[in-house]
Amino acid sequence: MIKTRRYIAVVFAALTMGLSGCNDDLFLEEHPDTFYTAEDAFKTVDQVKACVTNMYAHARYWLQNDVFLKGAGADLFDTPNWRSSGNGLSNFSSWSTDKSEVNKIYEAYYQLVSYANQTLEGTEVKELNWDSENDRAEVRAQAHFFRGFAYLTLAEVFGGVPLVTKFYQEPRYDFTRMSREETYRFAIEDLTNAADTLPDYPGEAGYVGKGAAYHFLAEAYLALATELGDDRELLRQAVTCATKVTELHSLMMERFGTRSQPGGETVNGVEAYYPDGDVFFDLFQRGNLDRAEGNTEALWTLQNDVNVWHDFGGNHFLPYAGSFSPVMREMRWKSEYAEANAGYGPWNTNIDEKVYPGGNLCAYVGGRGVSFNAPTEYMIEGIWAGDFANDMRNSKANIRRELVCIDTKHSMYGKLVTKDMLDEANMDHYYPIWTKFAPVDDWGYEDLVFGGNRTNTFRDEYACRLSETYLLRAEAYFRMGDPGNAANDINQLRKRAQCTRLATEGDISLAFILDERARELFLEERRWCTLLRMQGSVLEDQLRAHAYYIADYPVYTGKIEWKLFPIPQKAIDANIDAKLEQNPGW
């Protein structure tokens, strides 16, 4: 019921507010249809709170449904070769100042700034009757959080950007860029205002509390410290903020929640209990992500609900099962394994749907995988090589690397199919299945009752969780010259994952931290933000060593002379009364 009310509020906001913070074409202009004042726009407190809902809904889309910032084209995943013919995102010859994926990020985060500015202006309307000053202050704190988060993200990927702190009554064409340092400092100011006022824990699932605010404050201080040559005082501030998060939240260390013990809700004929799971598996099971559901690790969750999606539509789902799963049904046997009465591959036809519901689209093979995105070899093998393989996050419950033949007419039925049995002609269709984005069985596909086809899931999603806070603090310690404490923080995660190989002082480097982030946070962290924030040669080193169309399919052999995304050319062209400088290398 709480989630239903929230999403109805999203619809209400869209219908009643009629406010747009950032024109689709001219990113930094405001174009109200009529003369705008906050007094005219906000007649009730509920209208101001509808703006808050808009911030959450907007952030949800750009943090879960659009996956570009999660690392598309970087070192973790890309459009596979069979889909793009070598023209995926990491073929940087296709990048320019008009790159669509980059332009959309610029636009989206300025839209979030605009929603925050509108909310703040609404709280200043004197005629509104708030329940209490605390109620008004908490709304302001959420607006400061989102504006700070937006400017932090913009600074990480674009560097210094124009400052917009109000909804302008008339168009402006004279914006100038702050420096990257100034942009980070503005983000810190906003996030500090948020952290000072937000509750320790949000009163409603999906909202932010102090944990999320201090998490991004730690990231902002770390980013600013890096910009200023690893400034020690700023690094200490990053450590302090991260430590405040660890004092409010704790890692989940044992199995918990909906699939951890016998009993529970049966869905699509599948019992909830999954005996082969582990605590990392449990972190990504429906009904397990919110604090109210027993998860002390979650700092900010993005809310999804299958009934809301069914009744109202929208993007209240995770698209990962379809877009990230391999197309196992198209894999073919090598000629020596092909059999006359069987299908052309081990997962294509002659499937007993009582055993594997959905046939060649069953959960066992990743659902209706269409592989819009595929992991790099770095993600598949590199980070698990050698003594890093023994890791809960690499367990059979969490990464399904080995599948049996499910063609009942083949002599291999029920037996393990190894990679060397498959035709190499379409091997780029084939890769492991990550359980965090493709459920192990139909318990995870709630929409089947509505005609779903194992493409989307409807669990909540993490915007951030405590494990990333530990990795931020580890990086701050490393930059301070304290690899011992950095190793201790990384080992909080490695001990939870029951790794036999723990980190030592001598291991710690930015590359080692990036490896650990990949193991823990694949498809969670804003990977482009991380790589661009770290500066130095980190970005180029990671791309040259691991990017799909540089390392795995070496299509791009050119230079990487840029260290930030380009400012969108149309934002520069629209700003006719002042010069918006382009970033070097573009």
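Quick caveat, the model's predicted, so the values are computed rather than measured. (Residues numbered from 1 in each chain as written. Predicted model: local features only at pLDDT ≥ 70, side-chain atom pairs only at ≥ 80, totals over all residues. Heavy atoms only, no water.)

Undergrad: With reference to specific residues and values, describe the overall build of the chain.
TA: Helix and strand counts for the chain come out as 20 helices and 8 strands. In terms of overall dimensions, the chain has C-alpha extents of about 75 × 50 × 45 Å along its principal axes. Within the span of the chain, comprising 586 residues, buried residues form 61% of the whole. Put simply, of all contacts in the chain between residues at least 6 apart along the chain, 75% involve residues at least 24 apart. Only carbon and sulfur atoms are counted for the fraction: they give 47% of the accessible area of the chain, which is about 22100 Å². Charge-centre separation for the chain: the mean point of 59 positive side chains lies 2 Å from the mean point of 87 negative side chains. (Helix = DSSP H or I, 4+ residues; strand = E, 2+ residues; numbered from the N terminus. Buried < 20%, exposed > 50% of the residue type's maximum accessible area, 1.4 Å probe, protein only. Contact = heavy atoms within 4.5 Å. Areas by Shrake-Rupley, 256 points an atom, 1.4 Å probe, with all protein chains shown as cover. Lys, Arg positive; Asp, Glu negative; His and termini not counted. Charge placed at Lys NZ, Arg CZ, Asp CG, Glu CD.)

Undergrad: So what's going on with the pattern of salt bridges? Which residues, and what values?
TA: As a working rule, side chains carrying opposite charge can pair if their charged atoms are close by. Across all of its chains, the model carries 44 salt bridges by this definition. Residues R527 and D75 are paired through a salt bridge, measuring 2.8 Å at the closest nitrogen-oxygen approach. Placement of R527 in helix α17 (residues 527-534) and of D75 in the loop between α3 (45-65) and β1 (77-78) is noted, with a sequence separation of 452 residues between them. Each of the two residues, R527 as well as D75, counts as buried. Between R172 and D174 there is a salt bridge, with its nearest N and O atoms 2.8 Å apart. Within the structure, one salt-bridge network assembled from shared partners comprises E297, D391, R393, K436, R465, R494, R496, E516, R519, E520 and E524. (Salt bridge = Lys/Arg side-chain N within 4 Å of Asp/Glu carboxyl O.)

Undergrad: Any details on unusual backbone geometry? Residues and values, ideally.
TA: Positioned with a positive phi, S85 is a non-glycine residue whose angle comes to about 50°. For S85, a relative accessible area of 66% corresponds to the exposed category. Backbone geometry at S371 places phi at a positive 55°, although glycine is not the residue there. Among the residues examined, S371 registers a relative accessible area of 0% and is labelled buried.

Undergrad: Give a description of helix α16 (residues 510-521) that names residues and reports values.
TA: Over its 12 residues, α16 extends 16 Å from the first C-alpha to the last, a length consistent with the 16 Å expected when each residue adds 1.5 Å. Across the 12 residues that make up α16, a large majority, 11, are buried. Within α16, burial applies to L510, F512, I513, L514, D515, E516, R517, A518, R519, E520 and L521. (Expected span 1.5 Å × (residues − 1).)

Undergrad: Now, about the nonpolar core: what can you tell me, with residues and values included?
TA: Generally speaking, nonpolar side chains in soluble globular proteins are found buried as a group. By size, the foremost hydrophobic cluster in this structure holds 167 residues, and its most contacted members are Y109, W300, W528 and F565. For this core, the element with the most residues is helix α6 (residues 133-158), which contributes 13 residues. Excluding anything up to four places from it in sequence, Y109 contacts W62, L63, L69, F149, A150, T153 and L154. In this structure, M252, M392, A497 and C499 belong to the second largest nonpolar core, which totals 12 residues. (Core = buried A, V, L, I, M, F, W, Y, C linked by side-chain atoms within 4.5 Å.)

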